[in-house]
Amino acid sequence: MYIYMFIALSTSTVPRKKMACLACEDLRVSFSIQKRVARAVRGVSFGLDDRKTLGIVGESGCGKSVTALSIMRLVPAPPAKIESGSMMFEGADLLSIPEKQMRGVRGRRISMIFQDPMTSLNPVFTCGSQVAESLLLHKGMGKVEAAGVCEQLFAEVGIAEPKRVFAAYPHNLSGGMRQRVMIAMALACSPRLLIADEPTTALDVTVQARLLELLKSLQDTKDMSMILITHNLGIVAGMAHDVIVMYAGEVMESAPSKALFDSPCHPYTDCLLKTIPSTGRRSERLTVIPGTVPTPLEIPDGCPFHPRCPRVTGRCKKEHPPLHTVGADHQVRCHHYE
């Protein structure tokens, strides 16, 4: 159902010169858990061009959110540790710059919309004061000026009563309205990159559609790049220019959105696509992928997907597959991608 709802949110067809916004290379993140090491992100690499949207998809526990938090340098250390890799943004490696410099990037040049606005917003401060905080910190505005900008931002994100919401506390608002406040907070300093981590989680379908349409519209008007993290391939179909599919902390497949949907090469991608509900299969049972995602402490040898893979062979159980190039900007981590 989602794929039909969001396919109308088509990406811009106006040709623009490609410029790199973010380049991630060989990111590795681990967690220390009871004297054991859990490798949550294992050698993830990707690139994102200016004014484009990158979709990161996969089931829960695949490493999507840890990857996003690593961009912002928000993984809790300890127990987390960014073991290696680089994250180039505006000429600087975000993984190695001093924390003081990173605070100038975080919230100002790169902003993030978190999964649950109820836990991301402070319950003891008004929504307006929380959005104004970044303007006071990064823009040096006075309180009166920041309040005016906040109300304007609330109007831009579709809040009908900006003054009322400015003075309201998070618990006074609906889930969709709290998410709009989070979007306003993320856009307050006109960032170059917006990371949206499951921005429509726990919202009903109609609210999801409105918020996704809002994000697409704001991206076009504010010339932002965006990373959209989701387990819903239907959302990605209408929003993303490029997609990476993650599993067990690794990139299983990466490709332009159209190529991924037209010709998926990895069996995991194929399985995910088959789980999308279709209006033409009302009498059929929903397709499910057998088994569960392995924990970072129990990643199997060989290909991490082999215990659940319909194409598994003996080679898959022993040899870890490299990334193969199968077309322009299309890579897949599978021994049997052909």
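These numbers come from a predicted model, not from an experiment.

Student: Is there a simple way to think about the overall build of the protein chain in this case?
Tutor: Looking only at helices and strands, the protein chain features 13 helices and twelve strands. Taking 338 residues into account, the globule formula puts the C-alpha radius of gyration at 20 Å, and the protein chain, at 20 Å, falls close to it. For the protein chain, the C-alpha atoms occupy an extent of roughly 65 × 50 × 45 Å along the three principal directions. When burial is assessed residue by residue, the protein chain has 50% of its 338 residues classed as buried. Looking at the protein chain as shown, the accessible area adds up to about 16100 Å², and 53% of this sits on carbon and sulfur atoms. Here the protein chain carries 39 positive and 32 negative side-chain charges, and the mean point of each set is 2 Å from the other.

Student: Could you clarify how one ought to interpret the nonpolar core in this entry?
Tutor: Proteins that are soluble and globular tend to have nonpolar side chains buried together. Ranked by internal contacts, the top residues of the largest apolar core, which has 61 residues, are L22, L94, I195 and I227. Sequence-distant contacts of L94, that is, excluding residues within four places in its chain, are made with L22, I71, R73, M87, F89, M102, V105 and I110.

Student: Any chance you could explain the packing of helix α8 (residues 175-187) against helix α9 (residues 205-222) here in plain terms?
Tutor: One can describe the packing of α8 onto α9 by two numbers: an axis separation of 11 Å at closest approach and a directional angle of 15°. With respect to α9, the axis of α8 lies roughly parallel. In this structure, α8 meets α9 at a crossing whose hand is right-handed. Across from G176, Q179, R180, I183 and L187 in α8, the residues of α9 making contact are V207, R210, L211, L214, L215, L218 and K222. Along the lines of polarity and charge, the residues of the contact of α8 with α9 split into seven nonpolar, two polar and three charged.

Student: Can you help me understand unusual backbone geometry in this one?
Tutor: A cis amide bond links A77 with the next residue in sequence, P78, at an omega value of -10°. Secondary-structure assignment places P78 in the loop between α2 (64-71) and β4 (80-89). Omega for the bond connecting P78 with P79 falls within 30 degrees of zero, at 10°, which places this linkage in the cis form. As for its placement among the helices and strands, P79 is situated in the loop between α2 and β4. The backbone of Q34 sits at a positive phi, close to 50°, despite the residue not being glycine. Residue position: Q34 is located in the loop between β1 (20-33) and β2 (36-49). Residue Q34 is classed as exposed on the basis of its relative accessible area, which comes to 74%. With a phi close to 50°, E90 is a non-glycine residue in the positive phi region. Checked against the element boundaries, E90 lands in the loop between β4 and β5 (92-93). Owing to a relative accessible area of 41%, E90 belongs among the partly exposed residues under this scheme.

Quick notes on the rules
Residues numbered from 1 in each chain as written. Predicted model: local features only at pLDDT ≥ 70, side-chain atom pairs only at ≥ 80, totals over all residues. Heavy atoms only, no water. Helix = DSSP H or I, 4+ residues; strand = E, 2+ residues; numbered from the N terminus. Rg over C-alpha atoms; globule rule 2.2 N^0.38 Å. Buried < 20%, exposed > 50% of the residue type's maximum accessible area, 1.4 Å probe, protein only. Areas by Shrake-Rupley, 256 points an atom, 1.4 Å probe, with all protein chains shown as cover. Lys, Arg positive; Asp, Glu negative; His and termini not counted. Charge placed at Lys NZ, Arg CZ, Asp CG, Glu CD. Core = buried A, V, L, I, M, F, W, Y, C linked by side-chain atoms within 4.5 Å. Contact = heavy atoms within 4.5 Å. Axes fitted to C-alpha atoms, helices over the stretch in contact; angles between N-to-C directions. Parallel < 35°, antiparallel > 145°, perpendicular 65-115°, else oblique. Left-handed = near helix turned anticlockwise from the far one by under 90°. Nonpolar A, V, L, I, M, F, W, Y, C, P; charged D, E, K, R; others polar.

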